[in-house]
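Structural description and commentary
Listed below, chain by chain, are the residues.
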Amino acid sequence: MRFSALALFAVSVAAAAPVRAQIVNGGFEAGIAPWTTAENFCSPNPGCVPWQVAAGQGRNGTAGAFATGNFLLRQVIAPTPVAQITSLSYWIRQSSGTISSWYLRYTDNTIRSEAITGATEWTQVDLVSLLTAGKTLDAVGVFGVSEGNPTTIITYVDDWAINVSNNVVPEPSTVVLLGTGLAGLAAVVRRRRRA
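Residues numbered from 1 in each chain as written. Predicted model: local features only at pLDDT ≥ 70, side-chain atom pairs only at ≥ 80, totals over all residues. Heavy atoms only, no water.

Turning our eyes to something else, we now look at the pairing of strand β4 (residues 71-81). In the sheet, strand β1 (residues 36-40) pairs with β4 via 4 bridges, with the strands oriented antiparallel. Looking at the pairing, Asn40 lines up with Phe71 of β4. Relative to strand β9 (residues 136-143), β4 runs antiparallel, the two being bridged by 7 bridges. Note that in β9 the partner of Val76 across the bridge is Ala139. (Pairing = 2+ DSSP bridges. Helix = DSSP H or I, 4+ residues; strand = E, 2+ residues; numbered from the N terminus.)

Set out below in structure tokens:
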């Protein structure tokens, strides 16, 4: 009986801990993984180059990702309610001021993507105001250039970052599970005192 009450308490505490969204390797210093080229709108053009990493091409002189052509660079993250996201951004530059697009995917498989005009200098793109309220984000990304001659324009991205609020209001089911664990622990203590 003692083990089951403690196990129930441990499960309830673990369930109450929020999952934190995290962009892994947002600066591309460790290569391209876990980022993936999810969609390819450039081939069969022979000049298209999918996303890859090059040293010295980053915003701060370190590594950065680049592509020639309209490829989606995407990373799947831990599902995170939009209400908890306090900042979400990345940096972009292009060899010519042309159009590319950012990409957001939610757990209900809806996708939000809008075109932005790139700049030849590094420019920060803030995505917080573009998140869809009431949804849960599970992937982020960016498309390479999508106009003109995509085989001659290079898109560079770097320093993806997400911050999530620590002020998480637990769901009612989490509170019930925590309460059940505490009640079970109280029952074990009460039985010990009677014995």
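Attention shifts here to the packing of aromatic side chains. Think of a pair of aromatic rings as described by two things: how far the centres are apart, and how the planes are tilted against each other in angle. Within the structure shown, the criterion is met by 5 aromatic pairs. For the ring pair Trp35 and Trp160, a centre distance of 5.5 Å and an interplane angle of 45 degrees mean the geometry is tilted. Of the two residues, Trp35 is situated in the loop between α1 (2-16) and β1 and Trp160 in strand β10 (residues 154-164); the sequence distance between them amounts to 125 residues. A ring pair is formed by Tyr103 and Phe143, whose centres lie 6.2 Å apart and whose planes are at 80 degrees; its orientation type is edge-to-face. (Phe/Tyr/Trp six-rings, centres within 6.5 Å; stacked < 30°, edge-to-face > 60°.)

Here the focus is the sheet that holds β4. Across the sheet, 5 strands lie side by side as β1-β4-β9-β6-β7; this open sheet has antiparallel pairing. With one partner strand each, in any of the chains shown, β1 and β7 (111-117) form the two edges of the open sheet. In this sheet, adjacent strand axes meet at a mean angle of 30 degrees when their direction is disregarded. (Axes fitted to C-alpha atoms, helices over the stretch in contact; angles between N-to-C directions.)

Here we come to the nonpolar core. Core analysis: the biggest nonpolar cluster contains 30 residues, and Leu88, Tyr90, Leu104, Leu137, Val157 and Trp160 have the highest contact counts within it. Mapped onto this core, the elements with two or more residues apiece are β3 (64-68), β4, β5 (85-94), β6 (99-106), β9 and β10. Aside from chain neighbours lying at most four places away, what touches Leu137 is Ile77, Ala78, Pro79, Thr80, Val82, Ile85, Leu88, Leu104, Arg105, Tyr106 and Leu131. Judged by nonpolar contacts, the second largest core, of 5 residues, contains Ala54, Trp91, Trp122 and Tyr156. (Core = buried A, V, L, I, M, F, W, Y, C linked by side-chain atoms within 4.5 Å. Buried < 20%, exposed > 50% of the residue type's maximum accessible area, 1.4 Å probe, protein only. Contact = heavy atoms within 4.5 Å.)

A few words on unusual backbone geometry. Residue Pro34 follows Ala33 across a cis peptide bond; omega there is 5 degrees. Positive phi is not limited to glycine here, since Asn109 has a value of about 70 degrees. Given the relative accessible area of 61%, Asn109 is considered exposed. Non-glycine residue Asp159 carries a positive phi angle of around 50 degrees. Residue placement: Asp159 occurs in strand β10.

Looking now at helix α2 (residues 172-194). The end-to-end C-alpha distance of α2 is 33 Å, a good match for the 33 Å that 23 residues give at a rise of 1.5 Å each. Every buried residue of α2 is listed here: Thr174, Gly181 and Val188. (Expected span 1.5 Å × (residues − 1).)

Now for the pattern of salt bridges. Enumeration according to the criterion identifies 4 salt bridges in this entry. A salt bridge links Asp108 to Lys135; the shortest N-O distance between them is 2.6 Å. Taken together, the residues Asp108 in the loop between β6 and β7 and Lys135 in the loop between β8 (123-126) and β9 connect sequence positions 27 residues apart. On the accessibility criterion, Lys135 (22% relative accessible area) is partly exposed. Between Glu114 and Arg112 there is a salt bridge, with its nearest N and O atoms 2.8 Å apart. For Glu114, a relative accessible area of 34% puts it in the partly exposed group. (Salt bridge = Lys/Arg side-chain N within 4 Å of Asp/Glu carboxyl O.)

Taken by themselves, the reported measurements are silent on function.
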